[in-house]
Amino acid sequence: MADLQRVTRWANALIALHLDARVWSFGFDNAKTRAGQCNYTAHRITVSRYLAARYEDDEIHQILLHEVAHALAGPAAAHGPRWVAVAREIGYEGSRLHDGERADELAPWIGRCPAGHEYFRHRRPTNRVSCSVCARGFSSAHVIEWTRRDVAAARRAVHRAAR
Ligand SMILES: [Zn+2]
Ligand SMILES: [Zn+2]
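Everything in this summary refers to the structure shown in the same document. Numbering of residues starts from 1 in every chain and runs along the sequence as written. Written order decides the labels, with chains lettered from A and ligands numbered from 1. Only residues with pLDDT of 70 or above have their local features reported here, since the model is predicted, and side-chain atom pairs are shown and tallied only from 80 upward, although totals for entire chains, interfaces and linings are computed over all residues. For side-chain calculations, the full set of non-hydrogen atoms in the structure is used, while hydrogens and water are omitted.

What follows deals with the pairing of strand β3 (residues 44-48). Classification of residues uses two cut-offs on accessible area relative to the type maximum, computed with a 1.4 Å probe and protein chains only: under 20% is buried, over 50% is exposed, and between them is partly exposed. Secondary structure counts use DSSP, requiring at least four H or I residues in a row for a helix and at least two E residues in a row for a strand, with both numbered from the N terminus. In terms of residue burial, β3 counts as a mostly covered element, since four of its five residues are buried. Between any two strands, at least two bridges found by DSSP are needed for them to pair. Pairing of strand β1 (residues 25-29) with β3 involves five bridges; the strand directions are parallel. When the bridges of β3 are listed, Ser25 appears paired with Arg44. The sheet contact formed by strand β2 (residues 36-39) and β3 spans four bridges and is antiparallel. Opposite Gly36, over in β3, you have Val47 as the bridge partner. Hairpin connection from β2 to β3: four residues lie between these consecutive antiparallel strands, with His43 at a positive phi of about 50 degrees.

Written out as C-alpha cells, the structure is:
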C-alpha cells in the first residue's frame, strides 16, 4: 500500500525532474475508474486517492511516469508513438496496468462479448450494448452479457488504506 504523503513527494520530485515545477503541480482526485490524469489546461497531474492507497509503490510510480509522459508529450500525442517514446525514456514500463490509468477492479459490472472482450461499468447499462471491438455500431451478434461481481472487499480495502 502506498502512503499518500510519499506519493506526493515522488510526484513533486518527478515534476521537478522532468517538467517545470513553477507551472506543473500534483494533487489527488476522487476518481474510481481511472488511476491518474494529466490536465493540460490546469497543468496539473492527479492520481486517484482510492487507487493510490490500494496500489503498490512501484505501480504508483508507474502511474506517475505515465502522467508525466503525457505532460511532456502534449495532448496531441495521446497514447501514440511520441508518448510511448517519451514514456519509455523516463522509465515507464506499462506493465500490469493496461494503459496505466484505468481502475477496473472497483467496477462491479463486468461485460463480455461472445468473443471475450471485457467491459467494466459502475452501473448496469440499461440498454443492450454490443462490443465496439467486434462491430462498429450495434450488432445483435456481438451483444455484451453483464454479470455482477463482488467488489465490496476491494472497496473496503481502499477505504481502510485511505484513512
Ligand atoms: Zn494515458
Ligand atoms: Zn468483442
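The sheet contact formed by strand β4 (residues 109-112) and strand β5 (residues 118-121) spans four bridges and is antiparallel. The residue bridging Ile110 from the neighbouring strand is Phe120, located in β5. Hairpin geometry of β4 and β5 is characterised by an intervening segment of five residues between the two adjacent antiparallel strands and by a positive phi of about 95 degrees at Gly116.

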